[in-house]
Each structure stands twice: as structure tokens, then as C-alpha cells.
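Structure at a glance
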Amino acid sequence: MITVPLAFREMPRWWHDAAGREWLDRLPSLVAEQCRRWDLQVDGGPLHGSNALVVPVRRGAEAAVLRLAPPGDDVSREAEALRWWDGRGTVRLLEADVPARAMLLERLSARSLQSVPLGEAVPIIADLAARMAVPAPPGATSTARIAAAHLEEFPRDWERQGRPVPRRQLETALGLAAELAALPPGGDAVDGDLHCEQVLAGEREPWLVVDPVLLRGDLEHDLARVLWSRLDEVADDAELRRLVDVFARRAGVPGERARAWIVLRSLSYLLWGLDQGLTRDPPKCRRLLDLFA
């Protein structure tokens, strides 16, 4: 029987999620049952990110990991994404049991790109984004559609949260959202959740993406998350601007569009974070808005 890490139990996502807390209590038996179904042997202590529990396992001589996701997570979409990329910049999917929200994955190191200095990590993120830019499936949600949704969401949520940023920043964001929504939809696959904690060291390739969200359109869609998640490491605003330029050059995307997405993602996360009662991340989003909006 595995023991669920205390750090996983204490994550904010479970604070208001009774079904999730019940799932945490059932995890040891769920892991045992999935191991029985797939003829797996537990091969180490469990690990976790923000979205799932990961248990090192073996099936014969093959080293892998068993990933179990909580109620409400759409494992079918992630499995489809991993099948679509088929190891091109991503972890390989070996098995999937969608009703059980379980996947058997290629085993990677526990070391993430978070352990690499941000100045070195940003070019790696950019290279991965470019490597994953294969033709996307026609049904994938476009980044232009996400930008269009912000046109309705931003004014409503800005008012509801007590106007947490200056009106000029809201208006800048709305103008950029309108521009991005009007662009012809790009056809390349995009990981909508690409940041340092979602990139692990591997043997097949030096770095591979886990937990991807398959979109199509702008590769720079989630650059803001790369920055705000490690913003405490960058005291100099000029260095932040330089990192954005580095990403744009390496990924082959327009710098203006990269900065536009930083504004949209920062405002979106700030408003969501305030609604969820977060206290650490909204100030980081405000700093990015002050710099780029």
C-alpha cells in the first residue's frame, strides 16, 4: 500500500473539493487495483504535481509510472493529446484506462526544469514549444477562441473582483484580445499548460513535457505562466523583457504577440486567483501587467 504524500493532500485545490478529498483517501486502494489490472509492481514512493499522483512501477523489465487523476479531470483529453504528439517533445503514453482516470507512462526523472536557472530554462521551453508544433487535430480548441472568450469574461470578472487593476490595463487587455481573436486560426499544435514544472528530465530526450493540454494556434499562449511561476527569481524588469525576446526568437514567434499573450494570461490568472482566494500569485500577475500592459 502506498502512502499519499502530505504535500499533495495539503494543496489548495482540495480546500473546497469534497470529492477530491474522498479520492485522496481512496488512492492507496485505487493504486493497488490498477496495478493488479495492468500487472504492475510498485517500484518506489509516490510523487505528485499539482494535478495527479504518480507512482513508479515496473511491468517485467519495463520501468514506467502509474498516473492517477482526481474526479473531474478529463483523462481522455490528455490521453488523446499524448497519442497525438506520440513522444515528440512529450512523455510517451503506454496504456490508458479512462474510466479509472489512470495512465501508464514512460518513466522520466523526478527532476523538473524548475531546477534549471530561468535564463537557461526559457530557451528550452521555447525549443519544446517549437518541437511540439505539429499539425493539430481539427477539433482542438484554438487560442483565438480563448482570446475571444476574454472579451466577455474580463469586464465581468474585473467588476466582480472590485476592479483590481487600473481601467487602462483592462482596456489594453481587451484591445489585445480583440486583435488575437481576429487572427486567422493557426493550425499548429500548442501545449496550453507548458511551464517549468511540467517539463521533466528524460533518457530518450533531455527534457520532455508531461500533462500537456492540446490546443492549436499561438505557441506563446502560456509564456506568462513560465514567468509568473518563477518571477521571484527576476528582480530586473529589463531581464524579464530580455527573456520574452529570447523565447520569441527561439520559438520563431512575433515578439509583439508574445507580449500580448502575457497580458491576457496574466489578467486571466489574476482574476481567477482572486476569485479562488489566492494571495501569492496575483501580485506576480500585477507586476507582469505593469510591465507589459
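Summarised in this report is the structure supplied together with it. (Residues numbered from 1 in each chain as written. Predicted model: local features only at pLDDT ≥ 70, side-chain atom pairs only at ≥ 80, totals over all residues. Heavy atoms only, no water.)

Taken as a whole, this structure holds 29 salt bridges when the rule is applied. The closest approach of N and O atoms between D127 and R250, which form a salt bridge, is 2.5 Å. Note that D127 is positioned in helix α4 (residues 118-131) and R250 in helix α8 (residues 237-251), a separation of 123 residues in sequence. A residue is classified by how much of its surface remains accessible, and D127, at 32% relative accessible area, is partly exposed. (Salt bridge = Lys/Arg side-chain N within 4 Å of Asp/Glu carboxyl O. Helix = DSSP H or I, 4+ residues; strand = E, 2+ residues; numbered from the N terminus. Buried < 20%, exposed > 50% of the residue type's maximum accessible area, 1.4 Å probe, protein only.)

The next subject is the packing of aromatic side chains. Going through the model one piece at a time under the given rule, you end up with five aromatic pairs. When the ring of F8 is compared with that of W23, the centres are 6.2 Å apart and the planes differ by 75 degrees; the resulting orientation is edge-to-face. With a gap of 15 residues between them, F8 in helix α1 (residues 6-9) and W23 in helix α2 (residues 18-38) connect regions that are remote in the sequence. W23 carries the same exposure label as F8, and that label is buried. Within the aromatic cluster, the residues linked to one another by ring pairs are F8, W14 and W23. (Phe/Tyr/Trp six-rings, centres within 6.5 Å; stacked < 30°, edge-to-face > 60°.)

Next up on the list: the pairing of strand β4 (residues 62-68). Counting buried positions along β4 yields five of seven residues, so the element is predominantly enclosed. In terms of strand pairing, strand β3 (residues 53-59) meets β4 through seven bridges, oriented antiparallel. What sits directly across from R58, in β4, is A63. Turn length for the β3-β4 hairpin, with the two strands adjacent in sequence and antiparallel, is two residues, and the turn residue G60 shows positive phi of about 70 degrees. One ladder, built from five bridges, connects β4 with strand β6 (residues 102-106); its direction is antiparallel. Bridge pairing in β6 places A64 opposite E106. (Pairing = 2+ DSSP bridges.)

That is the geometry; function is a separate question.
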